Each structure stands twice: as C-alpha cells, then as structure tokens.
Amino acid sequence: MDRVRRVNGLESPYTPAQLSTWVYLPTLVLEFLFFASPLLPLAASVPCSVVFVISAAASAYYGYTAMSTDPADPRLPSQGPQHGHDHDNGHEHAPNAGLWGPNEPTKQCWLCDVQVGEKSMHCKFCNKCVDQFDHHCMWLNTCVGKANYAYFFRTMVWITVMLSIHGAIQLALVLDIYLGNGGSEMRAEDWFNADATLAVVIVMCVFIFMDLVALSLILQLLLFHVRLQKEGLSTYQFIVRDNKRKREQAQQEIELVAPETDSGYGEGGEEGRTGDYMRLRYGGLLRQSCGITCCDPLEKEQRIEADAREAGGPPVANGKGIGNGIGNGHHNVPVRPSKGENEESKEAEENT
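Residues numbered from 1 in each chain as written. Predicted model: local features only at pLDDT ≥ 70, side-chain atom pairs only at ≥ 80, totals over all residues. Heavy atoms only, no water.

## Points about the overall build of the protein
Working step 1: Each helix and strand in the protein was counted, giving nine helices and eight strands.
Working step 2: Burial analysis of the protein (352 residues in total) assigns 40% to the buried set.
Working step 3: Looking at the protein alone, contacts between residues at least 24 apart form 61% of all its contacts between residues at least 6 apart. (Helix = DSSP H or I, 4+ residues; strand = E, 2+ residues; numbered from the N terminus. Buried < 20%, exposed > 50% of the residue type's maximum accessible area, 1.4 Å probe, protein only. Contact = heavy atoms within 4.5 Å.)

See below:
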C-alpha cells in the first residue's frame, strides 16, 4: 500500500516541536499583555505593546503561510496513485503544468515515478518531491522549498523581533524593580492588588530564561540562512558540500598517516609516521580553533599540489602526498572509494 502524500504542515501527523510552538508563542503573547505590559509606564506600555503585537501577528501569519503552502514540485500529479503508471511522466495530469518551461532540465524520481526539476528532492517525511528543496522543518512540520522559503525566512525574522522585545522588556522591569525608583513595584501591587513583587520577579526570570534559549536557537538558524543566501546555497546543498569536505579531509588524514608498505623503512618508517600523525592532529586543531595554517601538513600538501598545477607539472606523490594513491616509494596504490562516497551515492539514489 502506497504512503499518503502530505500536502502541507497542517496535516497529520503533527510533530512535538510543532505542537510546542502552538503552545509557547501564544503563552508569550498572553504573558506580555496581561503580566508585563501593565507594569510599564503608560507612555512606554502603549508603543511597546503595539510593536510586540505586530511582531507576534507577523510571526503567526508567515508561519501559518509557510505551513499551509504546498512546496511540492509542480510536475507531480495532483491525485491518483503515486507509484502508478496512469500518467505520462507527470506532465499530463500535473495541476500546475504552466509553472515550468518545457526546456527546463529534469531528472527522474523513482519514488514518485515522474520527471521532476533538477533541484527537486524527495522528502521521506512528506513522501513527495519538493521544488528546489531546502530542508524539512520539524517546527513547521513541512518541507521548505521554492514555494514557501520566503515565508519561512520572514517567520524567523519576526520571531526574532518578538522574542527580543519580550525578553528586553522583562529584563528592564526586573532591573527597575530592584534598581529603580520603585515605580514598577508600585504598578505591580496596583495591578495584582497584592504585594506580589517576588512572584512577579520569579515569573519574569523564568520567561527571560525561555526567551534566551529560544533566541539562541532562532538566531543561529537565521544567521545560518543569511549565510546560505549570500553563498547561493540551499540547506541540503550545504550539508552535501560539508559532508564531502569532511570525507575528503578524513581520506587525506588516512593517506597521511597510513603505514608505509616498503619493507626498507622498518621501525624508522613507523616512527616517522607517528610524527606525521602528531603534526596532522595538532596542526588541524590550530587551524580549526585559531585559523593558523602554517603548522598544518594538509595545507602544505595542498599548496605543493597547487604550485605543481600552476607550473603545469604532474601532481606530487612523494610517499606522503595526497594524490590519487598512497605512495610507497616505488608506485602508487589506488585508493578505493570511501564509505562516505558510497553512502552519498546511495543517498542520492533515494532522494532524487
């Protein structure tokens, strides 16, 4: 039996992360309007409340729009069995046949059994190909692609604004209660008809902590997507590139510290390899933590190879080089594809 294709994030099954936002964000709004705003002076309470409500409304609007928008590839058929053969590559029964050009590059998705856009990827959670796939968002419970990426980004921006306002005002009230002229404390007693200063401070400190945690998460995500936009990458493309870089670096490390196969090296060769390993390990730590590359053997190898390419000569393979094989002093032993490369090939087959 074929799995049902999810249209958007408003369809079940719902994720715990999505349900938590439906509780947390309204709680922030209610706490601000009925707990924090009344403790502000009237001249500050009105404009702060207006700006906060606008940011909360914008967050809700863009979040809802991002969830309710279907980011599926427009070439997918609108109905019928997803793995059936009653359509001609998805074009005959596709509901949005005019949303792409006939000369646009496509590829075959073997799960949807249809030709989709070259940048489309199949999401295993939503069971559909997503046009210009970016990632599957657990907070919105939907895929993010070409159709809803702008709404997703604006949701992050407005939530950041809302959390910043909420947390800053809570902190200002707590500081005023203890360091100010007592105005906030008097307004708290008038609003709650009791001496509730300690309770007010405890509640506000709890929400300040929650705001800081939420801001740390959302700011990381927002800055990450700002970086992706500058580089012209999607989240998926960034992950693929990063995994490829890590595999290549791991392969270079293996080649650099691999034991020599030449019998003439003996124990001295093994000791030399130990020294290479130590230089590689601590040189890599200096590169990653401090940005110092002069002590990194990998950087030296890459510079040597770059100089050789610029001079028009063959790549250097001197027994420790990072070329197409592992040098042993006499010949190069071809390097087999790494496990990561095989996994990437398998992943590409599953996601295309």
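Right, picking up where we left off after that structure.
## A look at the nonpolar core
Working step 1: Grouped together as the largest cluster of nonpolar side chains are 37 residues, with contacts concentrated most on Phe152, Leu163, Leu173, Val200 and Met204.
Working step 2: Secondary structure elements with two or more residues in this core: helix H1 (16–36), helix H2 (42–68), helix H3 (149–179) and helix H5 (197–231).
Working step 3: The greatest single-element share of this core, amounting to twelve residues, is contributed by H3. (Core = buried A, V, L, I, M, F, W, Y, C linked by side-chain atoms within 4.5 Å.)

## A closer look at the packing of aromatic side chains
Working step 1: Across all of its chains, the model carries seven aromatic pairs by this definition.
Working step 2: Measuring from ring centre to ring centre gives 5.1 Å for tyrosine 61 and tyrosine 62, while their planes differ by 70°; the resulting arrangement is edge-to-face.
Working step 3: Geometrically, the ring pair formed by phenylalanine 224 and phenylalanine 238 is edge-to-face, given 5.1 Å between the ring centres and 80° between the ring planes. Here phenylalanine 224 is found in helix H5, whereas its partner phenylalanine 238 is found in helix H6 (residues 235–257), with 14 residues between them in sequence.
Working step 4: For phenylalanine 224, a relative accessible area of 23% gives the class partly exposed. (Phe/Tyr/Trp six-rings, centres within 6.5 Å; stacked < 30°, edge-to-face > 60°.)

## Thoughts on the packing of H1 against H3
Working step 1: It is the contact of H1 with H3, at a shortest axis distance of 11 Å, that shows an interaxial angle of 35°. Crossing angle aside, the handedness with which H1 passes H3 is left-handed. Between H1 and H3, the residues in contact are Tyr24, Leu25, Leu28, Glu31, Phe32 and Ala36 and Ile159, Met162, Leu163, His166, Ile169, Gln170 and Leu173, respectively.
Working step 2: Across the contact of H1 with H3, the residue classes tally to ten nonpolar, two polar and one charged. (Axes fitted to C-alpha atoms, helices over the stretch in contact; angles between N-to-C directions. Left-handed = near helix turned anticlockwise from the far one by under 90°. Nonpolar A, V, L, I, M, F, W, Y, C, P; charged D, E, K, R; others polar.)

## Considering a nonpolar patch on the surface
Working step 1: A contiguous nonpolar surface patch, about 740 Å² in accessible area, is contributed by Leu171, Leu175, Tyr178, Leu179, Leu198, Ile202 and Val206.
Working step 2: For the nonpolar patch, the elements supplying multiple residues, two or more each, are H3 and H5.
Working step 3: Examining the composition of the nonpolar patch, we find that four residues originate from one element, H3, more than from any other.
Working step 4: Residue position: tyrosine 178 is located in helix H3.
Working step 5: A relative accessible area of 54% means that tyrosine 178 is categorised as exposed. (Patch = residues over 30% accessible without salt bridge, like charges linked within 9 Å, V, L, I, M, F, W, Y side chains within 5 Å. Areas by Shrake-Rupley, 256 points an atom, 1.4 Å probe, with all protein chains shown as cover. Salt bridge = Lys/Arg side-chain N within 4 Å of Asp/Glu carboxyl O.)

## Digging into H2
Along an α-helix, a turn takes 3.6 residues, which lines up residues three or four apart on a common side.
Working step 1: Over its 27 residues, H2 runs 38 Å from end to end, which matches the ideal 39 Å to within 8%, given 1.5 Å per residue.
Working step 2: Along H2, the positions that sit buried rather than exposed are Ser45, Ser49, Phe52, Ser55, Ala56, Ala58, Ser59, Tyr62, Gly63, Thr65, Ala66 and Met67.
Working step 3: Packing partners of the buried residues in H2 comprise H1, strand E6 (142–144) and H3. (Expected span 1.5 Å × (residues − 1).)

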